[in-house]
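A closer look at the structure
The residues making up each chain are set out below.
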Amino acid sequence: MTDATPSDLPAQQSTLEHVIHVLRANPVTLIAFGMFAFLILSALFGPSLVPYDPLATDAANALQPPSLAHWFGTDQIGRDVFSRVIVATRLDLTISVAAVAISFVVGSILGCIAGYWGGWADIILNRFLDTIMAFPLFVLAMGIVAALGNTVENIIYATAIINMPFYARLVRAEVNIRRDAGFVRAAKLAGSSDIRVLATQIFPNALPPMMVQVSLNLGWAILNAAGLSFIGLGVSPPTAEWGIMVAEGANFIVSGEWWLAVFPGLWLMFAVFTFNLLGDGLRDIVDPRKRT
Amino acid sequence: MLTSYPRLRAILLRVAQAVPVVVGVVVISFLLTRALPGDPAVYFAGVAADEASIEETRVAMGLDKPLPVQFVRYVGDLLQGDLGQSLSSGRPVATDLASRLPASLELTLTALILAVVIAVPLGVLAATRPGTWVDHLCRVVVTAGVSLPTFFTGILLIYIFYYLLGIAPSPLGRLDFIYLSPDHVTGFYLIDAALMGDWETWRGAAKQLVLPAATLALFTLAPIARMTRAAMLTALSSDFIRTARAAGLSRRAVLYRYALRNALLPVVTTLGMVFSFALGANVLVEKVFAWPGIGSYAVEALVVSDYAAVQGFVLAMALLFVLLNLVVDLLYTAIDPRIGFDAK
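Residues numbered from 1 in each chain as written. Chains lettered and ligands numbered in written order. Predicted model: local features only at pLDDT ≥ 70, side-chain atom pairs only at ≥ 80, totals over all residues. Heavy atoms only, no water.

**Considering the overall build of chain B**
Along the backbone of chain B there are 14 helices and zero strands. Mapped in sequence order, the helices and strands of chain B form the string α-α-α-α-α-α-α-α-α-α-α-α-α-α. Burial analysis of chain B (344 residues in total) assigns 47% to the buried set. Counted over contacts in chain B with a minimum sequence separation of 6, partners at least 24 positions apart contribute 70%. As displayed, chain B offers around 16800 Å² of accessible surface, 68% of which is attributable to carbon and sulfur atoms. When the 25 basic and 23 acidic side-chain charges of chain B are each reduced to a single mean position, those positions are 19 Å apart. (Helix = DSSP H or I, 4+ residues; strand = E, 2+ residues; numbered from the N terminus. Buried < 20%, exposed > 50% of the residue type's maximum accessible area, 1.4 Å probe, protein only. Contact = heavy atoms within 4.5 Å. Areas by Shrake-Rupley, 256 points an atom, 1.4 Å probe, with all protein chains shown as cover. Lys, Arg positive; Asp, Glu negative; His and termini not counted. Charge placed at Lys NZ, Arg CZ, Asp CG, Glu CD.)

**Focus on empty space enclosed by the protein**
For the structure shown, the criterion picks out five cavities of 30 Å³ or more. Of the pockets and cavities examined, the largest cavity occupies roughly 170 Å³. Along its surface, the largest cavity is lined by 16 residues, and F138, W220 and N224 of chain A together with F219 and L284 of chain B are the ones closest to its centre. With five residues, the single largest contributor to the lining of the largest cavity is helix 11 (residues 251-288) of chain B. For the lining of the largest cavity, the residue count by class is eleven nonpolar, five polar and no charged. Here the second largest cavity is characterised by a volume of approximately 70 Å³. Surrounding the second largest cavity, D75, Q76, R79, V81, R84, M245, E248, G249 and L260 of chain A form its lining. When residues of the lining of the second largest cavity are traced back to their parent elements, those giving at least two are helix 3 (81-117) and helix 9 (242-253) of chain A. Counting residues per element, the lining of the second largest cavity draws most heavily on helix 9 of chain A, at three residues. Here the lining of the second largest cavity is composed, by residue class, of three nonpolar, two polar and four charged. (1 Å grid on protein atoms, 1.4 Å probe; cavity = no way out; pocket = protein on both sides within 12 Å on 5 of 7 lines; lining within 4 Å. Points joined across faces, edges and corners; volume = space filled by probe spheres on them. Nonpolar A, V, L, I, M, F, W, Y, C, P; charged D, E, K, R; others polar.)

**With respect to the interface of chain B and chain A**
Reports often express the size of an interface as the amount of accessible area lost when the parts come together. Counting from both sides, the interface comprises 49 residues of chain B and, opposite them, 44 residues of chain A. Carbon and sulfur atoms supply 80% of the area that chain B and chain A bury against each other, a total of about 3900 Å² over both sides. Among the residues of chain B in contact with chain A, F151, F152 and I155 of chain B are the three that bury the most area, contributing 15% of the side total. Between the two partners, chain B and chain A, sit zero salt bridges. The tally of links from chain B across to chain A stands at one residue pair in polar contact (both at pLDDT 80 or more). Only helix 1 (6-34), helix 6 (133-147), helix 7 (150-164), helix 9 (199-236), helix 11, helix 12 (294-303) and helix 13 (307-335) of chain B provide two or more residues apiece to the side of chain B that touches chain A. (Buried area = accessible area lost by both parts, 1.4 Å probe. Salt bridge = Lys/Arg side-chain N within 4 Å of Asp/Glu carboxyl O. Polar contact = N/O pair within 3.5 Å; in protein donor to acceptor, adjacent residues only side chain to side chain.)

**Focus on unusual backbone geometry**
Residue and element names in this part refer to chain B. Backbone geometry places A290, a non-glycine residue, at a positive phi of 50 degrees. Relative to the assigned elements, A290 resides in the loop between helix 11 and helix 12. The exposure class assigned to A290 is partly exposed, which follows from its relative accessible area of 37%.

**Observations regarding the packing of helix 5 (residues 93-128) of chain B against helix 12 of chain B**
The geometry of a pair of packed helices is captured by two quantities: the angle between their axes and the separation between those axes. Residue and element names in this part refer to chain B. At their nearest, the axes of helix 5 and helix 12 sit 7 Å apart, and the two run at 135 degrees to each other. Looking at the two axes, helix 5 sits oblique to helix 12. Side by side, helix 5 and helix 12 meet where V93, D96, L97, R100, L101 and S104 of the first sit next to I294, G295, S296, Y297 and E300 of the second. Here the contact of helix 5 with helix 12 is composed, by residue class, of five nonpolar, three polar and three charged. (Axes fitted to C-alpha atoms, helices over the stretch in contact; angles between N-to-C directions. Parallel < 35°, antiparallel > 145°, perpendicular 65-115°, else oblique.)

**A look at the packing of aromatic side chains**
For the structure on display, the rule yields 14 aromatic pairs over all chains. Ring plane angle 80 degrees and centroid distance 6.0 Å describe the contact between F38 of chain A and F270 of chain A, whose orientation is recorded as edge-to-face. Taken as a pair, F38 of chain A in helix 2 (residues 27-49) and F270 of chain A in helix 10 (residues 259-286) lie far apart in primary sequence, 232 residues in all. Ring geometry for F30 of chain B against Y74 of chain B: centres 5.3 Å apart, planes inclined by 55 degrees, an arrangement best described as tilted. Here F30 of chain B is found in helix 1, whereas its partner Y74 of chain B is found in helix 4 (residues 67-79), with 44 residues between them in sequence. (Phe/Tyr/Trp six-rings, centres within 6.5 Å; stacked < 30°, edge-to-face > 60°.)

**Details of the pattern of salt bridges**
Going through the model one piece at a time under the given rule, you end up with six salt bridges over all chains. Close ionic contact of E174 of chain A with R178 of chain A constitutes a salt bridge, the shortest N to O distance being 3.0 Å. When its relative accessible area of 8% is taken as the criterion, R178 of chain A is described as buried. In this structure, E300 of chain B engages R100 of chain B in a salt bridge whose closest nitrogen and oxygen atoms are separated by 3.9 Å. Here E300 of chain B is found in helix 12, whereas its partner R100 of chain B is found in helix 5, with 200 residues between them in sequence. The partly exposed category is assigned to E300 of chain B, whose relative accessible area is 44%.

What follows is the structure, given as structure tokens:
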């Protein structure tokens, strides 16, 4: 792991070799990186590349099955499903990335405090996290959005809160096992303050497992946000978002217009699947022993 | 006296551990009901309320008093089973939840049993035959299972089995309207119909249950299969299995009597997380299949901003989750062969 030797060049080369070795042994990870790049590109450039305006209605062409003109068909008021699915990528990724970023930062700070100083802070944090985890997490997110108000920002906060315990616990454990390590004592003897030691010596060691957690968590955060908007929270109707598109399309599935719900659902699955594969791949790179 | 009954002591200790969790859950749900932006009285009085009825609600709920006093009052109400009034149904939230809970429990428990029955053998087979098609199947199921949005799986299943193949009944609730619902004994239609000996209704209820339960099971079986496989691999590579093999025990005995029993312990502990997912996914599945449980009740309440109903639902789910975890841990305490020695 990272706290082994700081000897620069050869160590870095072997890390790179290790990454290449893992990628070659497991081409699935390479595919996952490709899928990830595709998602990022469609989030960045999708809105300017799609053939139709995602909000433009066209009553004459309502409920058309997939064709050359409309790859994924059209919905009940003639909007192009393909354009909407691609445009939605940006919103869905933004919600989940923002939520995961908040839980990463807050979880890291709380975990560092609890793991480094211990004592009361540790006890209180653990009680608090236990209480959050005592709720079924999706249900807690529903309650939070209902309490804070039905907006996209609150979806982000709710998703951040239910993900936070995983980060806080991980960081707490990683910090705790290193707080008396030799290199930490050396840094303290050299006159560094507690916060400096924590930030520059201890916390970086928690980053590799954190990256794995982030990747696995992103998939879950997308599922969660889409689930919330599926039951009518957060994103409001004309906006293109995968969860709400599946919810609207669900009304047409019993009469056979499958493309309304299936394509946004497939895209959602594709995104979650990408992050899960990526997480598993990163885990192989970071810690080959944890492979299951 | 307790020291002579180590198992009883372990059980009492575990029950005592649930108390602070329940206290924390109650505190958080209290904060959620009071965290409404602006004036909570406005929200609880409903959309159509005027000045006078808002003021009335404020006094009736004690919202004019300081927070600690409100909290004591909230806990007092909870102890009497009072979760407030639902605006949309006009009945007490506790009554609404109690009448809809059996539907949710029937769905969730059927799905969990289905998931365990499929996932555990799948995990065991994958662990004992690494690299074969069973192992690959297990890996695909596990990765796909956690990537599948439950609400999407449900819709796909409806499309395939109801619209295309026409073998599933229409996805509208627990029982087709041609059947009368069975007499209320447990609230579980399958059990009630069986008690009445009405197998026609039983078959009707079972038909309605298959698709939603399968949807939920597909989602929950992935983590169980993954954990079983990992725990089984660890158990199979441990020393006591090597010893058992060296002692010439049959493959069957080694696998089931020694390896599986030990591998099941970590699986049981991950069930807590699985419950959390299952109860959350339950809400989505109920919405897709118009299942009249507490999940769809909360979704309907959310749409019309019926806050007392939503918060009552959140609290009820949390208490249910604590209870499920408690039951699983108690079972664990009861079956774990090592506890007797630990406590001595």
